[in-house]
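For reference, the chains in residue letters:
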Amino acid sequence: MTSAIEYVCDRCDARVRLGQPENLCRVCGGLLEIRYDLGQVPPDLRARAAATRAARMWRWRDLLPVGPAAEPVSLGEGDTPLLAAPGLGERLGLRRLWLKNDTLMPTGSFKDRGFSLAVTVATELGLRRAFTYSSGNAGASLAAYAARAGIDATVLVEYLASPVKVAAIRGYGARVVSLRFGSSAEIFSALEAIEGKAPYSFVNFINPVRHEAMKTYAYEICEALDWRAPDVMLHPVGTGGGLYGAWKGFRELRELGWIDRLPRMIGVQPAACAPIVAAVERGDTIARPAGDPAATIAQSIAADAPIQQGERVLRAIRESGGTAVAVSDSQLTEAMRLLGREGILAEPSAAAPLAGLIECLRTAAVSPASEAVCVITGSGLKQPADLAQPGDPVTEVSAGDPGEILRVLDEGGTS
Ligand SMILES: Cc1ncc(COP(=O)(O)O)c(C=O)c1O
Ligand SMILES: [Zn+2]
């Protein structure tokens, strides 16, 4: 039971009871604050929280590659909400839809799972210098966790990255090096060429630790579903670390006997740059370079040639009986709009699972009788240029004309 008691006005100390919609204080227009009776907080709350939720992702450390003495480098990652979206699910004609909202991670993307773990392990190993290649989000995440651990970090960030992502990396104190390239193949062969000669690499799959943390998706989702896997899980695919790690987690849970069946894993890529989709369509075990990384708004997953020819992610898709699907930029924009109406601002790449689900329902690659989880991997706030909906006019009013403001408000707002 909550220990919250009432609203209190900052300015005039008016008290208003809870359980009714309030905005500003009706007496003086001041700001309301909620007051608590902390005497009502159960005495064992701290012990309970510490034993479970407080550790968030680190509740699963027995299933992660860290020694018993390791001190997690943590910013509060994991245990993001698995939001039911019954209205949206119904509109799509799907039995059950869940949105795993990883936009709420400390640096705004799912990459924090991997970097919390990988930086912890690096710290355990006594490493002091490291780098990663990044389309933007991974760089911000490395920068934040390296700052926390006191590791010197450099990020080779794609020249196409949103300026906000670059600013975030700098804001967390890492060095930014802007990486020009013609194709992802060029990037990955350079990364493989410098491996072992450069500081410690946190690049997905070159680093063996990062994707391990993505197993925690599976633990969190199955726990939230009362130890049951969904029928399908959809994830955006760049390198494939997210999808592959999650698949590993589901398999572990089945081995442990905690779940009795596995989900189908569905990878989603932008149509302009979809080598994994092309490989799945060919029935191939490796991906060939395909597409143009600069030709889509889904910049975070615009990889025309995944590392190691995408073998791992293709294996996960195949073993799970899943598939990979390509979506256009306009499908991504529509999925962003739908997510916005669910209260989630996603960047285009993070809206890909929902766009992919809609496409799979259209082609019957996913049955309407399914229970699906879409992972929303990164916040739209870091790619603001693509949040604006061109064509949506913004009404202007003047603060000097309250009558006009009233007229506009009378028209209502939801679009
Ligand atoms: C928001 C977002 N979603 C998905 C991905 C793809 O992740 P992965 O490279 O693990 O396939 C990325 C990678 O940068 C990302 O930033
Ligand atoms: Zn007041």
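Residues numbered from 1 in each chain as written. Chains lettered and ligands numbered in written order. Predicted model: local features only at pLDDT ≥ 70, side-chain atom pairs only at ≥ 80, totals over all residues. Heavy atoms only, no water.

**Student:** Sorry, what's going on with the overall build of the chain here?
**Tutor:** Along the backbone of the chain there are 13 helices and 13 strands. The C-alpha radius of gyration computed for the chain amounts to 23 Å, which stays within 12% of the reference 22 Å derived for 415 residues, consistent with globular compactness. Seen along its three principal axes, the alpha-carbon backbone of the chain occupies a region of about 70 × 50 × 45 Å. By residue count, 50% of the 415 residues in the chain fall in the buried class. Computing the positive centroid from 43 side-chain charges and the negative centroid from 47, the chain places the two 4 Å apart. (Helix = DSSP H or I, 4+ residues; strand = E, 2+ residues; numbered from the N terminus. Rg over C-alpha atoms; globule rule 2.2 N^0.38 Å. Buried < 20%, exposed > 50% of the residue type's maximum accessible area, 1.4 Å probe, protein only. Lys, Arg positive; Asp, Glu negative; His and termini not counted. Charge placed at Lys NZ, Arg CZ, Asp CG, Glu CD.)

**Student:** Would you explain the side chain of S320 in this entry?
**Tutor:** In this fold, S320 is placed in the loop between α10 (311-319) and β12 (323-327). Under the relative-accessibility criterion, S320 is labelled buried at 10%. Looking at S320, its side chain comes within polar contact range of the main-chain oxygen of I317, at 3.1 Å. (Polar contact = N/O pair within 3.5 Å; in protein donor to acceptor, adjacent residues only side chain to side chain.)

**Student:** Can you help me understand the coordination of the zinc ion (ligand 2) in this one?
**Tutor:** Reference values for angles at a metal are 109.5 degrees in the four-donor tetrahedral case and 90 or 180 degrees in the six-donor octahedral case. Coordination sphere of the zinc ion (ligand 2), protein contribution only: C9 (SG), C12 (SG), C25 (SG) and C28 (SG), at 2.3 Å. For the zinc ion (ligand 2), the 4 donor atoms are set out with angles of 102 to 114 degrees between them, so the coordination reads as tetrahedral. Mapping the donors of the zinc ion (ligand 2) onto the primary sequence gives the spacing C-x2-C-x12-C-x2-C. Classification of C25 as buried rests on a relative accessible area of 5%. (Donors = N, O, S within 2.8 Å, 3.2 Å for Na, K, Ca; no water. Tetrahedral: all angles 85-135°; square planar, octahedral: opposite > 155°, others 65-115°.)

**Student:** How should I be thinking about the site of ligand 1 in this particular structure?
**Tutor:** Ligand 1 sits among 17 residues. The nearest are N137, G238, T239, G240 and T377. Measuring from an oxygen atom of ligand 1, one finds a side-chain N or O atom of N137 at 2.8 Å. Summarising the interface, the protein chains cover 97% of the accessible area of ligand 1, which totals 390 Å² for the free molecule. Per-class residue counts for the shell around ligand 1 are 4 nonpolar, 11 polar and 2 charged. (Near = heavy atom within 4 Å. Areas by Shrake-Rupley, 256 points an atom, 1.4 Å probe, with all protein chains shown as cover. Nonpolar A, V, L, I, M, F, W, Y, C, P; charged D, E, K, R; others polar.)

**Student:** Where do I start with unusual backbone geometry in this structure?
**Tutor:** The backbone of Q309 sits at a positive phi, close to 50 degrees, despite the residue not being glycine. Here Q309 lies in the loop between α9 (275-282) and α10. Here Q309 falls in the partly exposed class, since its relative accessible area comes to 39%. The backbone phi angle of A364 is positive, close to 65 degrees, even though this residue is not glycine. Mapped onto the elements, A364 comes out in the loop between α12 (348-363) and β13 (371-376). On the accessibility criterion, A364 (62% relative accessible area) is exposed.

**Student:** Please clarify how the sheet that holds strand β2 (residues 15-17) should be interpreted in this entry.
**Tutor:** Pairing between the strands of a sheet comes from backbone hydrogen bonds, and it takes one of two forms, parallel or antiparallel. In spatial order, the strands read β2-β1-β3; together these 3 strands make up an open sheet with antiparallel pairing. Only two strands of the sheet have a single neighbouring strand rather than two, namely β2 and β3 (32-36). Each strand of the sheet is rotated relative to its neighbour by a mean of 35 degrees, with strand direction disregarded. Pairing analysis gives 3 bridges linking strand β1 (residues 4-9) to β2, with the strands arranged antiparallel. Residue pairing for β2: Y7 is matched across the bridge by V16. (Pairing = 2+ DSSP bridges. Axes fitted to C-alpha atoms, helices over the stretch in contact; angles between N-to-C directions.)

**Student:** Where do I start with the environment of A246 in this structure?
**Tutor:** When you line up the elements, A246 lands in helix α8 (residues 241-256). Along the sequence, A246 and Y219 sit 27 residues apart, while their C-alpha atoms lie 8.8 Å from each other.

**Student:** Is there a simple way to explain the sheet that holds strand β8 (residues 175-179) in this structure?
**Tutor:** Taken together, 4 strands build an open sheet; the order of strands is β8-β7-β6-β9 and the sheet is parallel. What marks the edges here is a single partner per strand, and that holds for β8 and β9 (200-201). Pairing between strand β6 (residues 129-134) and β9: 2 bridges, direction parallel. If you follow A130 over to β9, its bridge partner there is Y200.

**Student:** Please clarify how the packing of aromatic side chains should be interpreted in this entry.
**Tutor:** One pass over the structure, following the stated rule, counts 9 aromatic pairs. Geometrically, the ring pair formed by W60 and Y219 is tilted, given 5.2 Å between the ring centres and 55 degrees between the ring planes. Of the two residues, W60 sits in the loop between α1 (45-51) and β4 (82-84) while Y219 sits in helix α7 (residues 215-224), which places them 159 residues apart along the sequence. Under the relative-accessibility criterion, W60 is labelled buried at 9%. On the basis of relative accessible area, Y219 is assigned to the buried category, the value being 0%. Ring centres of Y133 and F188 lie 5.7 Å apart, and the angle between their planes is 85 degrees; this geometry places the pair in the edge-to-face category. Separated by 55 residues along the polypeptide, Y133 in strand β6 and F188 in helix α6 (residues 184-194) bring together distant segments of the chain. A residue is classified by how much of its surface remains accessible, and F188, at 4% relative accessible area, is buried. Aromatic ring contacts, followed pair by pair, group W60, Y219, W227 and W258 into a single cluster. Across the ring face of Y159, the terminal group of R180 is positioned such that the distance to the ring centre comes to 4.3 Å. (Phe/Tyr/Trp six-rings, centres within 6.5 Å; stacked < 30°, edge-to-face > 60°. Lys NZ or Arg CZ within 6 Å of the ring centre and 35° of its normal.)

**Student:** In this structure, what is going on with the packing of α9 against α10? I would like to understand it.
**Tutor:** Two elements in contact, α9 and α10, have axes separated by 11 Å at closest approach and are oriented at 50 degrees. Taken together, α9 and α10 sit at an angle that is classed as oblique. Pair α9 / α10 crosses with right-handed handedness. Of α10, the residues touching α9 (which contributes I276, A279 and V280) are V313, L314 and I317. Looking at the contact of α9 with α10 residue by residue, the classes come out as 6 nonpolar, no polar and no charged. (Parallel < 35°, antiparallel > 145°, perpendicular 65-115°, else oblique. Left-handed = near helix turned anticlockwise from the far one by under 90°. Contact = heavy atoms within 4.5 Å.)

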